[in-house]
Structures are given as structure tokens and as C-alpha cells.
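Fold and contact review
The chain contents come next:
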Amino acid sequence: MRFYQPFLGREVDLDQWTREMVALHFDPDGGTPYWLRWQEERGIDVRREVQGFADLPRVFDLFDGDVLRRIPATDFLPRRRLQDPSLHPRVYETGGTTGAPKRVVMTTYWRTMAAWTSHVLDGLGVPRSLHILALMPPGGNNNAGVFVRYLARERGALSYHVNFDPRWVKKLILRGAHQEVEAYIAHLFDQAEAIAETQPVGMLFTTGRLLQEPRCRELVHRYGIRVVMHGGAALDPDTYRVLREEWYAGCLFCGECGNTLMGVAPQDTRSPESREHLLYIPCFPYFVVEAVDPEDPFRVLPYGQRGRVKITVLCEDFFIPGMLERDEAERVPGREPYPWDWVRNPMSPEALTGREGVY
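Residues numbered from 1 in each chain as written. Predicted model: local features only at pLDDT ≥ 70, side-chain atom pairs only at ≥ 80, totals over all residues. Heavy atoms only, no water.

Details of the overall build of the chain
Helix and strand content of the chain: 14 helices and 16 strands. Relative to the globule expectation of 21 Å for 359 residues, the C-alpha radius of gyration of the chain, 20 Å, shows essentially globular dimensions. If you line up the chain on its principal axes, its C-alpha atoms span 60 × 40 × 40 Å. Buried residues in the chain amount to 57% of all 359 residues. Residue pairs in contact within the chain that sit at least 24 positions apart in sequence constitute 67% of those at least 6 positions apart. If you sum the accessible surface of the chain, you get close to 15100 Å²; carbon and sulfur atoms cover 48% of it. Across the chain, the centroid of the 43 positively charged side chains sits 3 Å from that of the 49 negatively charged ones. (Helix = DSSP H or I, 4+ residues; strand = E, 2+ residues; numbered from the N terminus. Rg over C-alpha atoms; globule rule 2.2 N^0.38 Å. Buried < 20%, exposed > 50% of the residue type's maximum accessible area, 1.4 Å probe, protein only. Contact = heavy atoms within 4.5 Å. Areas by Shrake-Rupley, 256 points an atom, 1.4 Å probe, with all protein chains shown as cover. Lys, Arg positive; Asp, Glu negative; His and termini not counted. Charge placed at Lys NZ, Arg CZ, Asp CG, Glu CD.)

Digging into the sheet that holds strand β7 (residues 201-207)
Read across the open sheet, the 12 strands follow the order β6-β5-β7-β8-β9-β10-β11-β16-β15-β14-β12-β13; overall the sheet is mixed. Unpaired on one side and paired on the other, β6 (159-161) and β13 (296-300) mark the two borders of the sheet. Across 4 bridges, strand β8 (residues 227-231) lies against strand β9 (residues 252-259) in parallel orientation. Bridge assignment links Met229 to a residue of β9, and that residue is Cys254. Helix α12 (residues 214-222) rests against β5 (131-135), β7 and β8 of the sheet, and its axis sits at about 165° to β7. (Pairing = 2+ DSSP bridges. Axes fitted to C-alpha atoms, helices over the stretch in contact; angles between N-to-C directions.)

Some words on the state of the cysteines
Counted under the stated rule, the structure contains 0 disulfides. Left unpaired, Cys216 is separated from the closest cysteine sulfur, that of Cys251, by 9.9 Å. For Cys216, a relative accessible area of 0% gives the class buried. (Disulfide = S-S within 2.5 Å.)

Details of the pattern of salt bridges
A side chain of one charge can pair with a side chain of the opposite charge when the charged atoms of the two come close. Across all of its chains, the model carries 31 salt bridges by this definition. The residue Arg37 makes a salt bridge to Asp75 at a minimum N-O spacing of 3.1 Å. Within this pair, whereas Arg37 is found in helix α2 (residues 33-42), its partner Asp75 is found in the loop between α5 (67-70) and α6 (79-82), the two being separated by 38 residues in sequence. Exposure remark for Arg37: the relative accessible area of 35% places this residue in the partly exposed category. One continuous salt-bridge network, built from bridges that share partners, spans Glu273, Arg306, Glu328, Glu330, Arg335 and Arg344. (Salt bridge = Lys/Arg side-chain N within 4 Å of Asp/Glu carboxyl O.)

Let's talk about unusual backbone geometry
A cis geometry characterises the amide bond from Phe284 onward to Pro285, with omega recorded as 0°. Looking at the element boundaries, Pro285 is found in the loop between β11 (279-280) and β12 (287-293). In this structure, the amide linkage connecting Glu336 to the following residue, Pro337, adopts the cis form with an omega of 10°. Here Pro337 is to be found in the loop between β15 (319-332) and β16 (342-347).

Digging into the environment of Val242
Structurally, Val242 is set in helix α13 (residues 237-247). Assessed through its relative accessible area of 33%, Val242 is described here as partly exposed. Put simply, Val242 and Gln212 are 30 residues apart on the chain and 9.5 Å apart in space, counted from C-alpha to C-alpha.

Quick look at the side chain of Thr207
By the secondary structure assignment, Thr207 is in strand β7. You can call Thr207 buried: its relative accessible area is 1%.

Description of the nonpolar core
By size, the foremost hydrophobic cluster in this structure holds 117 residues, and its most contacted members are Phe60, Phe76, Trp110 and Tyr248. In this structure Tyr248 touches Leu211, Glu213, Cys216, Arg217, Val220, His221, Val228, Leu243 and Phe253, once residues within four positions along its chain are discounted. (Core = buried A, V, L, I, M, F, W, Y, C linked by side-chain atoms within 4.5 Å.)

Points about α12
Listed as buried for α12 are Cys216, Leu219 and Val220. All buried residues of α12 lie within an arc of 95° about the axis, which places them on one face of the element. As for α12, its buried residues are in contact with β5, α10 (178-198), β7, α11 (208-211) and β8. (Arc of directions from axis to C-beta.)

Section: the packing of aromatic side chains
Applying the stated criterion across every chain, the model contains 31 aromatic pairs. Their ring planes at 65° and their centres at 6.1 Å tell us that Phe3 and Trp340 sit as a pair that is edge-to-face. Taken together, the positions of Phe3 in strand β1 (residues 2-5) and Trp340 in the loop between β15 and β16 put the pair 337 residues apart, joining distant regions of the chain. For the residue pair Phe3 and Trp340, the accessibility class agrees, reading buried in each case. Their ring planes at 35° and their centres at 6.0 Å tell us that Tyr240 and Phe253 sit as a pair that is tilted. Within this pair, whereas Tyr240 is found in helix α13, its partner Phe253 is found in strand β9, the two being separated by 13 residues in sequence. You'll find Tyr240 and Phe253 in the same group, each marked buried. (Phe/Tyr/Trp six-rings, centres within 6.5 Å; stacked < 30°, edge-to-face > 60°.)

What to know about the pairing of strand β10 (residues 263-268)
Among the 6 residues that make up β10, 6 are buried, leaving the element largely enclosed by the rest of the structure. Count of turn residues in the β9/β10 antiparallel hairpin: 3 residues. Note: β10 against β11, 2 bridges, orientation antiparallel. In the strand pairing of β11, Gln267 is matched with Tyr280.

Notes on the environment of Leu210
When you line up the elements, Leu210 lands in helix α11. On a C-alpha basis, the gap between Leu210 and Phe189 in space is 9.3 Å, while along the polypeptide they are 21 residues apart.

Written as C-alpha cells, this is what we have:
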């Protein structure tokens, strides 16, 4: 599988890329401790066994993401990168709203994701130099705020952040404390409005859930925000159309989906189909996102069919040879200039039950 990747400015062969990432993570001297132990326990030489992407499901079972809840985070990063003085390792966690969080150490990962997203935004006609109001978790162990900071830097802008704890909101929801949830949401918008009152923000980056709050619509129109970008849990197509065509008409409306482990897949808003459906573009070859048969997760579904999302992560910071996500999505062929597979209308179980919280 070979594609020209305009973000990297060159043609990329997925088999060669797979070999390079396997060589890095299974390097006996500087590789990833978790994977080196895995290899030793099985008595195989992964670098010899894996000569291309298609070899991964032959050599590896589905990766159990729960491993990342238990092991030291440093065991999942190549030792050579952990010891490199030019890099700045940092621990990130998944949301932790469905159990103990998964932890990974990253160095250049979120800078790469921000540069990729900025590249796609340029193609969508999103203006540069717009300061970003980030109504998202601001940082710490959460990647969202860090990603927005890097995105702002890529686009010659600043980012302004509110204090935001999605785990607390999820606890309130599970407790049935709906009045407290509403009070917390009001607290988030109080902070956002205080920023917009005095700072020249031109882009709002927030969650699909908060975009459905009347105060969010008022915020955007009162302060002349030109670009509205949604992230976190994906919107459903009906809500997306209402928000784009009615609530935020007149704004450039776009988004991304993703998480700590699968990176960021920006939304396509150029094709006619994008007016009715949410189309997301994974960052090939770092991430291969597939829609698979729930009964046979090694069988990729034909185009147009809906299945479980399976991710393969092939990046320098960590390696996942195939893991099932909770989300479902449709497999669709990519469009130029990103001709690899995309996903359409992803949806999480929490969104279907209305228990996804605010992120």
C-alpha cells in the first residue's frame, strides 16, 4: 500500500514504514521494554517475522489496551527516545471515564498531530493567525489542551484555556446529579465569556456536547468568532447539520475526532457528501484506522459497511499492532489529496445512550 502523503511531502510505502517502526520498537539495545519482553516470552524475532503491514495480524493478537492501565508508562516508549536529551517525554492519559486511565509517554507525538491538523485546515480554507478559545480540558495529563497549544503555535496564534475536568462531570452524571452538571457547565461558560470579553479570539475549539448549549451559540455570535471547531467525541450527522446550518451558520464549521491512542483525524468539509455526513481523515501512515467485522476483527469490511473501529499505531513514540476501539464507524475510500481509507460517522456507545458527559 503506497500513497503520496502531502503532509510529509513524499510518497510513503506502508510496508516499509511498518518495517521501520518494528525495527525501532524491537531494537535490542534501545527498543520498547514491553515489546521486547513480549518477544522474548514467545521466542520469536519480530523484525524477521514482520516484513509488511499484512504480517501484523499474523504475528500479533489484538492488543489488550488494559495493559496500559497497569504497566509503568515508560515501558511503552523506546528506551532510546526516553534517554534522548533533545526530547521532552511527557505522560498522557486517556479520559478515564470508563475505568482506570491508560497511560503512555510521548515526545513528538502531539506536535506531529498539530502540524497534520494545521495542514488539513489550510486545505479547508481556515484562516491562520486566529487566536483560539479552547473550551476543552486544558492540559496536565490530558492531551486535548496540549494539542490545541501546539495547533495555535503551528498557525501563528495563541490559545486561551478554561479549567475543565470531564471526569468530575462524568461522576456527576452517573450519580444523577443533573443540577450540579448544569452548574458545572455554566461555570465553564463563565470562564469562556470572561476570556472573550477582553481577548481577540477568532476560533472556538470545543466539544460537540458543549456546542449544543445555547450559551455556546450566544458566545460565538456575541464575540464575532469566525471559526468553530469541534473535537472529542464525534457528533452524529443530524446534530452536525443543525449546528452547521442553523446554530453556527455564517461560521466556518469543522472538526476532528480522535483520542490519546489514535491521534487526530481532521474532518473533511470540502466534498458534497460532507454536508450530510461526518468524514474523518486519519494521519497515514502513523495511524491506520479500519472498520472491521465485530465477530471477526481481523476482517476489514467492504466500503460503505459499518463496523467496529480498529486502530494500528505505527509511530516513534509507541506501537500498537491492532486494537479494537469502542466506537463504530463506516469504512469509506479517501479522496485526493488524501487517498487512503477514511471513516464516516463514528459513534461511541456513550453517545448513543446520552451518557458521554461534556467530552
